[in-house]
Amino acid sequence: QARNHTATLQNLQTSMDENKITGIWILPVLPHVGFEEVLAASKLDPRITPFTCIDFDLGKAASKKIVQDAEKGAAGLKIHPILQRKKLLSSEVAEALKAWEETGKPVICHTYSFCYFHPEESYRNAPENGSNPDFLELVSRFPNINFVGAHCGGTFDYDQLWEGADMKNLYVDTSFQPSSVVKEFLKRFGERRVLFGTDWPWGQEAAPIRIVEEACGGDKELEARVFYKNAEELLKNRT
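Along each chain, the written sequence defines residue order, and numbers are assigned to residues from 1. Side-chain atom pairs in this predicted model are given and counted only at pLDDT of 80 or more, local residue features only at pLDDT of at least 70, and totals for whole chains, interfaces and linings cover all residues. Excluding hydrogens and water, the side-chain values take into account all heavy atoms of the structure.

Draft legend 1. Inspection of the nonpolar core at higher detail. Grouped together as the largest cluster of nonpolar side chains are 51 residues, with contacts concentrated most on Ile-79, Leu-97, Val-107, Phe-135 and Phe-147. Element by element, the count of residues in this core is highest for helix α6 (residues 179–189), at 5 residues. We call two residues in contact when some of their heavy atoms are within 4.5 Å. When sequence neighbours within four positions are dropped, the list of residues in contact with Leu-97 reads Leu-77, Ile-79, Val-107, Leu-138, Phe-142, Ile-145 and Phe-147. We call a set of buried residues a nonpolar core when its members are Ala, Val, Leu, Ile, Met, Phe, Trp, Tyr or Cys and they connect through side-chain atoms within 4.5 Å of each other. For the exposure calls, accessible area comes from a 1.4 Å probe over protein chains only, and a residue counts as buried if that area is under 20% of its type's maximum, exposed if over 50%, partly exposed in between. Among the nonpolar cores identified, the runner-up in size contains 8 residues, and Phe-51, Ile-108, Ala-150 and Leu-195 belong to it. Each helix is a run of DSSP H or I of at least 4 residues and each strand a run of E of at least 2, with the numbering of both proceeding from the N terminus.

In structure tokens, the structure reads:
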């Protein structure tokens, strides 16, 4: 919670300035942050590209809401199955993605099982919702949507995502991974399906930058692909 409280627009701008970052995706996760907040931030700083997320509390209207958000400027959709307490293979996610598919815009999902809450709030944990096999199954069910697996499948379970290397609609981001794992994903997924990620404010930006530089071994064109070209192309592409 203390780290979340540092996620002000001013702190983000300062961090971007210090690390010479000229563009960033902001990924809301309800009930903590919604589309309207990140859209407002993007109006104040054009370096920000806003995404939206599914408001499951809206029930059947959730699908309509995310499509409306796309029309208002949402460049993509974020799903966090653990914090939103919704399994990726649930009927609610499927209904939302059927509607989202028509936008042609990408979806980024948290991957890997993780407990976010302290023991006194353990009832709020739903680590099983972050199942990597479930994520791969979701990607296979919606071949017309480009998916990004955030964190490359996690610190200990990243190899589970290697099974999806042949899925052309599957991308990964580098957040929380060491250079050795980033290098392996570049080898298995190819240079066009690996995106730079920090998960700010949970991950700071200087270290992930150095990790990508190390993984790319001094290849400036490869660095450019991972740092921004792949992300730019992903937002322009339609499956």
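Once the structure has been displayed, the description carries forward.
Draft legend 2. Focus on the pairing of strand β6 (residues 147–150). On β6, burial covers both faces: Phe-147 and Gly-149 on one face and Val-148 and Ala-150 on the other are all buried. Across 4 bridges, the pairing between strand β5 (residues 107–110) and β6 is parallel. Residue pairing in the sheet places Ile-108 in a bridge with Val-148 of β6. Handedness is read with the strands pointing away from the viewer; a crossover is right-handed when the path from the first strand over the helix to the second is clockwise. Between the parallel pair β5 and β6, the chain is carried across by helix α5 (residues 132–141), and the sense of this crossover is right-handed. Only strands that DSSP links by at least two bridges are regarded as paired with each other. Two strands pair when backbone bridges link them, and β6 and strand β7 (residues 170–173) are joined in this way by 3 bridges, in the parallel orientation. Bridge pairing in β7 links Val-148 to Tyr-171.

Draft legend 3. Focus on the pattern of salt bridges. Every case where a carboxyl oxygen of Asp or Glu lies within 4 Å of a side-chain nitrogen of Lys or Arg is listed as a salt bridge. Per the stated rule, a full pass over the model turns up 13 salt bridges. Between Glu-184 and Arg-188 there is a salt bridge; the shortest N-O distance is 2.7 Å. You can see Glu-184 and its partner Arg-188 sitting in helix α6, 4 residues apart, about one turn around the helix. Residue Lys-220 pairs with Glu-223 through a salt bridge whose shortest N-O separation is 3.6 Å. Within this pair, Lys-220 and its partner Glu-223 are both found in helix α8 (residues 220–236), separated by 3 residues, close to a single helical turn.

Draft legend 4. Summary view of the sheet that holds β5. Spatial strand order, β3-β4-β5-β6-β7-β8: 6 strands in an open sheet with parallel pairing. Whereas interior strands pair on both sides, the edge strands pair on one side only; in this sheet they are β3 (52–53) and β8 (194–195).

Draft legend 5. Up close: the packing of helix α2 (residues 35–44) against helix α3 (residues 62–72). Direction vectors running N to C along α2 and α3 enclose 5°, while the axes themselves pass 12 Å from each other. It follows from the interaxial angle that α2 and α3 lie roughly parallel. Residues Phe-35, Glu-36 and Leu-39 of α2 pack against Lys-65, Asp-69 and Lys-72 of α3. Three classes are used, and their members are as follows: Ala, Val, Leu, Ile, Met, Phe, Trp, Tyr, Cys and Pro are nonpolar, Asp, Glu, Lys and Arg are charged, and the others, Gly among them, are polar. Looking at the contact of α2 with α3 residue by residue, the classes come out as 2 nonpolar, no polar and 4 charged. For helices, the fitted axis covers only the stretch in contact; all axes are lines through C-alpha atoms, and the angles between them, taken along N-to-C directions, range from 0 to 180 degrees. Angle categories: roughly parallel below 35 degrees, roughly antiparallel above 145, roughly perpendicular from 65 to 115, and oblique for all the rest.

Draft legend 6. The arrangement of helix α4 (residues 91–100) in detail. Val-93, Ala-96, Leu-97, Ala-99 and Trp-100 are the residues of α4 that are buried. Along the long axis of α4, the arc covered by the buried residues comes to 155°, so they all point the same way. Buried residues along α4 sit against β3, α3, β4 (77–79), β5, α5 and β6. Picture the helix axis, draw a direction to every C-beta atom, and the arc is the one those directions span.

Draft legend 7. Molecular detail of the environment of Gly-130. Among the secondary structure elements, Gly-130 is positioned in the loop between β5 and α5. If we ignore the near neighbours within four places in the chain, the residues touching Gly-130 are Pro-81, Ile-82, Thr-111, Tyr-112 and Ser-113.

Draft legend 8. Structural view of the state of the cysteines. Disulfides are defined as pairs of cysteine sulfur atoms found within 2.5 Å of each other. For the structure shown, the criterion picks out 0 disulfides. Here Cys-109 is not cross-linked by a disulfide; its sulfur's nearest cysteine counterpart is in Cys-53, at 12 Å.

Draft legend 9. Structural context of α6. Inspection of α6 places Ser-179, Val-181, Val-182, Phe-185, Leu-186 and Phe-189 among the buried residues, and these make up the whole buried set. Axial view of α6: buried residues confined to an arc of 160°, hence all on one face. In α6, the exposed positions angled more than 90 degrees off the buried face are occupied by Ser-180 and Lys-187. Tucked inside the fold, the buried residues of α6 contact β7, β8, α7 (206–216) and α8. In the stretch just after α6, Gly-190 is the one whose phi turns positive, near 90°.

Draft legend 10. Region of the structure containing the packing of α6 against α7. α7 packs onto α6 with a crossing angle of 55° between their chain directions and a minimal axis gap of 8 Å. What the angle tells us is that α6 and α7 run oblique. In the crossing of α6 with α7, the sense of the turn from one axis to the other is right-handed. Residues Ser-179, Val-182, Lys-183 and Leu-186 of α6 lie in contact with α7, whose contacting residues are Ile-211, Glu-214, Ala-215 and Cys-216. For the contact of α6 with α7, the per-class residue count stands at 5 nonpolar, 1 polar and 2 charged. Handedness of a crossing is defined here by the sense of rotation of the near helix relative to the far one, left-handed for an anticlockwise turn of less than a right angle and right-handed for a clockwise turn.

By themselves, these are just geometric observations and shouldn't be taken as functional.
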